[in-house]
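Commentary on secondary and tertiary structure
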Amino acid sequence: MPDDRDAARAAARDDAPRDDAARPDAVRDDAARAADHAGIDRLAASLVPALIAKIGTLNVGELEVREGEWKVRLRRPAGSGTGPTYGRRATDRPSRTQPGHEQHGHAPASPEPHRTPRAIHSPGGAHAPAGAPSTNGSGGPALAPVGPGRDGDAHRSGASGGHVAGGHAGGASSQIATSPAVGVFHPGPKAVGGTRVRVGDRLGAVDMLGVPQEVVAPVDGIVVGVIVEGGTAVEYGQELIHLEPATAVEGR
Amino acid sequence: MFHKILIANRGEIALRILRACRTLGVEAVVAYSEADRDSLPVQLADEAICIGPADARRSYLSAPAVISAAIVTGCDAVHPGYGFLSEDESFAEVVGAHDLTFIGPPPSVLDRFASKEGTRRLLGGYGLPTIPGSDGMLRDDDHALEEAARIGYPVLIKPSAGGGGKGMRMVRTPRELESAIKVCRSEARSAFGDDSLYLERWLEDNRHVEVQVAVDRYGHGVHLGERDCSVQRRHQKILEEAPTPALSPAARADLCDRAIRAVVAAGYENVGTLEFLVDGAGDFYFIEINCRIQVEHPVTEVLTGIDLVATQIRIAAGEPLGFSQADVQLRGHAIEFRINAEDPEHDFRPGAGIVEAYHAPGGPGIRMDSHLYPGYEVPPYYDSLLGKLIAWGPDRATAIVRGRAALEELVVDGLITNVEIHKALLANEVFLDGRMTTNLLDRIGSAAFLAAAART
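A quick note: this is a predicted structure, and the numbers were derived from the prediction, not measured.

In this section: the overall build of chain B. Of regular secondary structure, chain B possesses 16 helices and 22 strands. The globule rule puts the C-alpha radius of gyration for 456 residues at 23 Å, and the 21 Å found for chain B is close to it. Along the longest, intermediate and shortest principal axes, the C-alpha atoms of chain B span 55 × 55 × 45 Å. When contacts within chain B are restricted to residue pairs at least 6 apart in sequence, long-range pairs at least 24 apart make up 66% of them.

The next point concerns the sheet that holds strand β14 (residues 333-340) of chain B. All names here are of chain B. Across the sheet, which stays open at both edges, the 8 strands sit in the order β13-β12-β9-β10-β11-β14-β21-β19 with antiparallel pairing between neighbours. Each edge of the open sheet carries a strand with a single partner, namely β13 (284-290) and β19 (366-370). Across this sheet, the average inter-strand angle for adjacent strands is 25°, counted without regard to direction. Sheet topology places strand β9 (residues 207-215) next to strand β12 (residues 270-278); 9 bridges connect them, and they run antiparallel. For Val 215, the partnering residue across the bridge sits in β12 and is Asn 270. The sheet strands contacting helix α9 (residues 249-265) are β9, β10 (221-233), β12 and β13, and the helix crosses β10 at an angle near 115°.

This part covers the packing of helix α7 (residues 141-151) of chain B against helix α8 (residues 174-192) of chain B. Residue and element names in this part refer to chain B. Relative to each other, α7 and α8 sit at 140°, their axes nearing to 10 Å. The angle between the axes of α7 and α8 places the two elements in the oblique class. α8 is crossed by α7, and the crossing has right-handed handedness. Residue-level inspection shows Asp 141, Ala 144, Leu 145 and Ala 148 of α7 in contact with α8, the latter providing Pro 174, Leu 177, Glu 178 and Ile 181. For the contact of α7 with α8, a count of residues per class yields 6 nonpolar, no polar and 2 charged.

Before going further, it helps to spend a moment on the confidence of the model for chain A. Fine structural detail should not be taken from predicted coordinates in areas where pLDDT scores are low. Per-residue pLDDT for chain A has a mean of 59; in total, 38% of the residues score no lower than 70. For the stretch residues 1-26 of chain A, pLDDT sits under 50, and the model shows 24 contacts to residues farther than four places along the chain or on other chains.

Another aspect to go through is unusual backbone geometry. Residues and elements named next belong to chain B. Of note, the amide linkage connecting Tyr 153 to Pro 154 takes the cis form, showing an omega dihedral of -5°. By the element assignment, Pro 154 lies in the loop between α7 and β6 (155-159). Cis geometry marks the peptide bond from Ala 242 to Pro 243; its omega dihedral reads -5°. Tracing the sequence through the fold places Pro 243 in the loop between β11 (236-242) and α9. One non-glycine residue, Asp 99, lies in positive phi territory at about 60°. One can find Asp 99 in the loop between α4 (89-97) and β5 (101-102). A positive phi angle, near 85°, is found at Asn 270, a position not held by glycine. Looking at the element boundaries, Asn 270 is found in strand β12.

Before going further, it helps to spend a moment on the nonpolar core. All names here are of chain B. Among the nonpolar cores identified, the biggest contains 150 residues, and Ile 7, Val 30, Ala 31 and Val 78 are the most heavily contacted of them. No other element matches the 7 residues that helix α1 (residues 11-24) contributes to this core. Not counting residues up to four positions away in its chain, the partners in contact with Val 78 are Leu 6, Ala 8, Val 66, Ala 70, Val 95, Leu 100, Phe 102 and Ile 103. Residues Ala 148, Met 168, Ala 188 and Ala 191 belong to the second largest nonpolar core, which totals 16 residues.

Residues and elements named next belong to chain A. For strand β4 (residues 183-187) and strand β9 (residues 233-234), the ladder comprises 2 bridges, and the chain directions are antiparallel. Across the sheet, the residue bridging to Gly 183 is Val 234, located in β9. Taken together, the 4 bridges between β4 and strand β6 (residues 202-208) define a ladder with antiparallel strand orientation. Residue pairing for β6: Pro 187 is matched across the bridge by Gly 204.

As a further point, take the sheet that holds β4(A). Residue and element names in this part refer to chain A. Strand order across the open sheet formed by 4 strands is β7-β6-β4-β9, with antiparallel pairing between neighbours. What marks the edges here is a single partner per strand, and that holds for β7 (211-216) and β9. Summarising the sheet, β6 and β7 pair through 6 bridges and their orientation is antiparallel. Bridge pairing in β7 places Arg 202 opposite Val 216.

Before going further, it helps to spend a moment on the environment of Ala406(B). All names here are of chain B. With respect to the helices and strands, Ala 406 occurs in helix α12 (residues 396-409). Residues Ala 406 and Gly 363 lie 43 residues apart in sequence; the distance between their C-alpha atoms is 8.3 Å. The residues contacting Ala 406, other than those within four sequence positions of it, are Pro 361, Ile 366, Leu 389 and Ala 391.

Looking at the secondary structure, you find His208(B) in strand β9. Those residues within four positions of His208(B) in sequence are excluded, and the remaining contacts are Cys229(B), Ser230(B), Gln232(B), Glu275(B), Leu277(B) and Thr438(B).

Right, let's get into helix α6 (residues 116-125) of chain B. Residue and element names in this part refer to chain B. All buried positions along α6 are accounted for by Lys 116, Glu 117, Thr 119, Arg 120, Leu 122 and Leu 123. Packing partners of the buried residues in α6 comprise β8 (197-201), α9 and β13. At the exit of α6 stands Gly 127, carrying a positive phi of roughly 95°.

Residue and element names in this part refer to chain B. In contact at an axis separation of 9 Å, α1 and helix α11 (residues 308-316) are set at 65° when each is read in the N-to-C sense. As judged from the angle between their axes, α1 and α11 are roughly perpendicular. Like other packed secondary-structure pairs, α1 and α11 cross with a definite hand, here right-handed. Contact residues: α1 offers Arg 16, Ile 17, Ala 20, Thr 23 and Leu 24, while α11 offers Val 309, Ala 310 and Ile 313. Partitioned by chemical class, the residues of the contact of α1 with α11 number 6 nonpolar, 1 polar and 1 charged.

So, about the pairing of strand β2 (residues 27-33) of chain B. Residues and elements named next belong to chain B. Most of β2 is tucked away, with 6 of its 7 residues classed as buried. As paired elements, strand β1 (residues 4-7) and β2 share 4 bridges and run parallel to each other. Residue Lys 4 lies in a different strand from β2, and its bridge partner there is Glu 27. Tracing the backbone out of β1, into α1 and back to the parallel element β2 gives a crossover that is right-handed. As paired strands, β2 and strand β3 (residues 47-52) are joined by 5 bridges and run parallel to one another. Paired with Tyr 32 across the two strands is Cys 50, which belongs to β3.

Calculation criteria
- Residues numbered from 1 in each chain as written.
- Chains lettered and ligands numbered in written order.
- Predicted model: local features only at pLDDT ≥ 70, side-chain atom pairs only at ≥ 80, totals over all residues.
- Helix = DSSP H or I, 4+ residues; strand = E, 2+ residues; numbered from the N terminus.
- Rg over C-alpha atoms; globule rule 2.2 N^0.38 Å.
- Contact = placed C-beta atoms within 7 Å.
- Pairing = 2+ DSSP bridges.
- Axes fitted to C-alpha atoms, helices over the stretch in contact; angles between N-to-C directions.
- Parallel < 35°, antiparallel > 145°, perpendicular 65-115°, else oblique.
- Left-handed = near helix turned anticlockwise from the far one by under 90°.
- Nonpolar A, V, L, I, M, F, W, Y, C, P; charged D, E, K, R; others polar.
- pLDDT = per-residue confidence, 0-100.
- Core = buried A, V, L, I, M, F, W, Y, C linked by C-beta atoms within 7 Å.
- Buried ≥ 20, exposed ≤ 12 C-beta atoms within 10 Å, placed from the backbone.
- Right-handed = clockwise from strand over helix to strand, strands pointing away.

So, in structure tokens, the structure goes:
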């Protein structure tokens, strides 16, 4: 077994009990949990967009605000000079969807072709706060550009999908727009090689029972190619459109 | 028969349904969330499709995602398993509207049995005794107090929708009733989206006994005996066995006979379970019907030799039952131990993590239904059931001895499980005498229960 695999497991295991002990859901009743969800919804709808706008105007890496028993922290990715990357985590309150997802990212058992970063990168911090939420439709923060949008709580699980871009590490800098739903894929007019797109631009849609779910650009950049043909059945998270991020393009 | 079935569930039951499909020669597609990508049912399936993120509301509980997955994979039926969408009659209806078959009772039947209170009235009319309870749903606090006074304390507050102990409280005084009713309403509203409550008389030292039935579309129905699910912790079953030690063979036959006659008369279809409370005098009262396959169905399968999941699928496909009551022979005694990732020493706190080693016990009369494998990571998002160990023997004493040996043999490393509570049960005199009631664990507390077992 490769060492890094064991390391990832060890890390995951170390996390698990701690997280479990701290997780309020484990011992509290549903009413309290519902109150938490309401609290998260409220923060995500009001406070988080304001913070995103704020961090865009400041030259700081991290911003943390306390409100009552809640704490909201926004962080730019390490080593990213290009602007804020919105985040994995809307609040510091332990969430069910969060820790396991990270662990899952390291899960050894199978390759994960469609676990692609869906970061929301933006080069000029200023327009990102305005741009990303507008594609969401639900009025939520820039945490979830995609999602079935059935119940307006897409931002919660969207947050777990929003992975910090992997481009910085290896020099490989391509980005993939993935499917927000299980259904039939229909590429849009911008899903053509060479098209310059901005983060949050609509690249197509996945039709789920007649309701189109938007496929959006995860980064500013140029469309390299469409991986899946129009009219094809796709699953949730499937890789659909290949993009070259703007920063990589400019770097050449 | 169906051509291809979408399995809209996870864990051991997804695997169980997959196995039933294989024996029926039907293709199966496992629908999974991102958190279950490495799960055993996904790996063993003919085909698997990711329907959403870990959050069940956007995957296993999302009707559009499940139905869309069934359509794009070319399925003609959806098996909901238990939990998730299995008891959602509007889901069953939408499935039907997309020319797919919901594997369970047809929507019209589900609708008839949707309200617990209405079902009590319906089946009460067909000869099943019911517990004295409130006249309909509680309108307000005053109505609740009036009804409780009429029924007599202690009373049990119950939600009309859902199950699993949520929104349920036993109260002994009017004062307790007033405060508990608010909590129950809020719990029921957040868990089921419906806060209607009703009252039932609380039976002290009751036992939980349920009757398994199967009825085909043509009104031909059989019962498959009963199961005793008295060993519970806060209304959650942890051990089930059959036959029930609570009733004489004659009383068991009477209970099962009345149950099957009532549901056939009321127009039930497919497999289902009628739950009863049995009091100290051996009188039984109908409480609710579960219109789906149940976690503890293997107990009945090992006693009868009948594949209940395959039967469920065949009935949904419109096939006749194909066997009669005389063909249902109950043989021996079976006990199911639910193996959960939870810590009995810490208030049964659920756990998650990597299964470092796993060994399923074997030998005569032993069956293990589990989705575990070494290296599997138990995700933290779903219920804590890791598997079910079923021990069969020609009599109860043999089933207990085999169960004890199998629990010793079972290896699940890397996670804290509730195996110790099962071992403690098998050392407990009340259980060994077959006198357990639903408050056995809660009355003295699980910690005290474990400690007592350690001393023996």
